[in-house]
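# Structural features, examined
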Amino acid sequence: MTHTRRSFLQIAAITIAMTASAWSFTSNAADVPGGKFRIGIVGSGKVGSTLGAAWIKAGHEVMFSSLDLEQDKKLAASLGPSARAGTTRDAAAFGEVLLVSVPYSAMPQLGAELGELVKGKVILDTSNPVPGRDGDVAAKALDKGAGLATAGFFPGARVVRGFNAIGFERLQELTRKQEGKVGMPIAGDDASAISVASGLVREAGLEPVVVGPLGMGRFLRPGTPLAGIQTPDQLKNIIPTLK
Ligand SMILES: NC(=O)c1ccc[n+]([C@@H]2O[C@H](COP(=O)([O-])OP(=O)(O)OC[C@H]3O[C@@H](n4cnc5c(N)ncnc54)[C@H](OP(=O)(O)O)[C@@H]3O)[C@@H](O)[C@H]2O)c1
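Now for a description of the structure that goes with this document.

What counts, and at which threshold
- Residues numbered from 1 in each chain as written.
- Predicted model: local features only at pLDDT ≥ 70, side-chain atom pairs only at ≥ 80, totals over all residues.
- Near = placed C-beta within 6 Å.
- Helix = DSSP H or I, 4+ residues; strand = E, 2+ residues; numbered from the N terminus.
- Nonpolar A, V, L, I, M, F, W, Y, C, P; charged D, E, K, R; others polar.
- Core = buried A, V, L, I, M, F, W, Y, C linked by C-beta atoms within 7 Å.
- Buried ≥ 20, exposed ≤ 12 C-beta atoms within 10 Å, placed from the backbone.
- Pairing = 2+ DSSP bridges.
- Right-handed = clockwise from strand over helix to strand, strands pointing away.
- Contact = placed C-beta atoms within 7 Å.
- Expected span 1.5 Å × (residues − 1).
- Axes fitted to C-alpha atoms, helices over the stretch in contact; angles between N-to-C directions.

## Re the site of the ligand
Lining the immediate environment of the ligand, one finds 27 residues, of which Gly43, Gly45, Ser66, Leu67 and Ala106 sit closest. Going through the elements one at a time, helix H2 (46–57) and helix H5 (107–118) are the ones with two or more residues in the shell around the ligand. Split into classes, the residues belonging to the shell around the ligand amount to twelve nonpolar, 13 polar and two charged.

Below, the structure written as structure tokens:
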């Protein structure tokens, strides 16, 4: 091999390595603990708007989306320059991290529409399967476990369940107080996604308590021993008793 050709191959290899490392930095930009990032909110209702407002206050940029773009524009306008509104696809593309906070019946459609856009991203999932409200999709999700069911709709995304069993009114109070005295159980399979979610939970005024892998997401919904307002220590004492 001539010297010129070897140099060319070396430069090409370095360029590819730098590009790959830049890509991996970009794709993991949201994983930097304490970092500020772009959050896409899919479902800007009672829970989504409460958390979005708290995260804007904490210094993140947030895009709200729902089925009603005009309403989301008004919401964003009320929250200042770090807030914006878009379609669900806009929010999924915008967010380095996503909050999915919708009636569970919307999951199959959202998975089909947004799946490609959210691969590799952290999805924080507040959505609860409620068969009486959401129909068959919710009944199947309860069988599978809410966390694993959500992950099934967004293959390749790093799903963390959280904020599932605290009333939004109480959530609003806690986001204002920023006390961290109330525990928030979360569950997920990816350590860096758990770290991102933990930061967001703290910025919403609660203390994260990691319950375990995403399969434990079946306990993160109303009506389980982990539901409601509990201290971090109370939650930690309950976790070993879960079956
Ligand atoms: N409320 C609570 O206290 C609470 C607490 C913990 C967890 N959760 C769970 O969290 C989820 C959200 O609860 P919420 O009380 O915030 O409900 P909500 O106020 O009814 O808000 C639901 C949001 O989802 C949007 N949405 C519905 N279908 C959609 C679709 N196909 N595509 C995009 N967006 C869609 C709605 O948009 P439009 O308004 O335009 O229809 C709305 O912005 C539910 O699964 C709930 O069980 C609720």
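Once you've had a look at it, read on.
## Observations concerning the nonpolar core
Counting 67 residues, the largest nonpolar core has Val42, Ile123, Val160 and Ala197 as the members making the most contacts within it. It is helix H10 (residues 191–203) that provides the largest number of residues to this core, a total of six residues.

## Observations concerning the pairing of strand S8 (residues 207–212)
Strand direction decides the pairing type here: strand S7 (residues 183–188) and S8, joined by five bridges, are parallel. The partner of Ile186 across the bridge, within S8, is Val210. Crossover S7 to S8 through H10 is right-handed.

## With respect to the environment of Val130
Secondary-structure assignment places Val130 in the loop between strand S5 (122–125) and helix H6 (131–134). Taking the C-alpha atoms as reference, Val130 lies 8.8 Å from Ser105; in sequence the two are 25 residues apart. Beyond its immediate chain neighbours, meaning those up to four positions away, Val130 contacts Tyr104 and Ala138.

## A word on the environment of Ile39
Positionally, Ile39 belongs in strand S1 (residues 38–42). Excluding residues that lie within four positions of it along the chain, Ile39 makes contacts with Trp55, His60, Val62, Gly95, Val97 and Leu99.

## Looking at H10
Here H10 contains 13 residues, and its C-alpha end-to-end distance of 19 Å stays within 8% of the 18 Å for a straight helix at 1.5 Å per residue. Those residues of H10 that fall on the buried side of the exposure criterion are Ala193, Ile194, Val196, Ala197, Ser198, Gly199, Leu200 and Val201. One or two steps after H10, the chain reaches Gly205, where phi turns positive at roughly 95°.

## Let's talk about the pairing of strand S4 (residues 97–100)
Alternating positions in S4 separate into two faces, Val97 and Leu99 on one and Leu98 and Val100 on the other, with burial throughout. Following the chain from S4 across H5 to the adjacent parallel S5, one finds a crossover that is right-handed.

## A closer look at the sheet that holds strand S6 (residues 158–161)
Pairing is mixed across the open sheet formed by eight strands, whose spatial order is S3-S2-S1-S4-S5-S6-S7-S8. Here the strands that pair on one side only, and so sit at the sheet edges, are strand S3 (83–85) and S8. Averaged over all adjacent pairs, the angle separating strand axes in this sheet is 25°, with direction ignored. The pairing of strand S2 (residues 61–65) with S3 spans three bridges and is classified as parallel. Within the sheet, the bridge partner assigned to Val62 lies in S3 and is Ala83. Relative to the sheet, H2 contacts S1, S2, S3 and S4, its axis offset from that of S2 by approximately 165°. Against the sheet, helix H3 (residues 69–79) engages S2 and S3, with an angle of about 170° to S3.

## Let's talk about unusual backbone geometry
Here the phi dihedral of Phe163 falls at roughly 60°; this positive angle occurs in a residue that is not glycine. Here Phe163 lies in the loop between S6 and helix H9 (168–177). With 26 C-beta atoms counted inside 10 Å, the residue Phe163 sits in the buried group.

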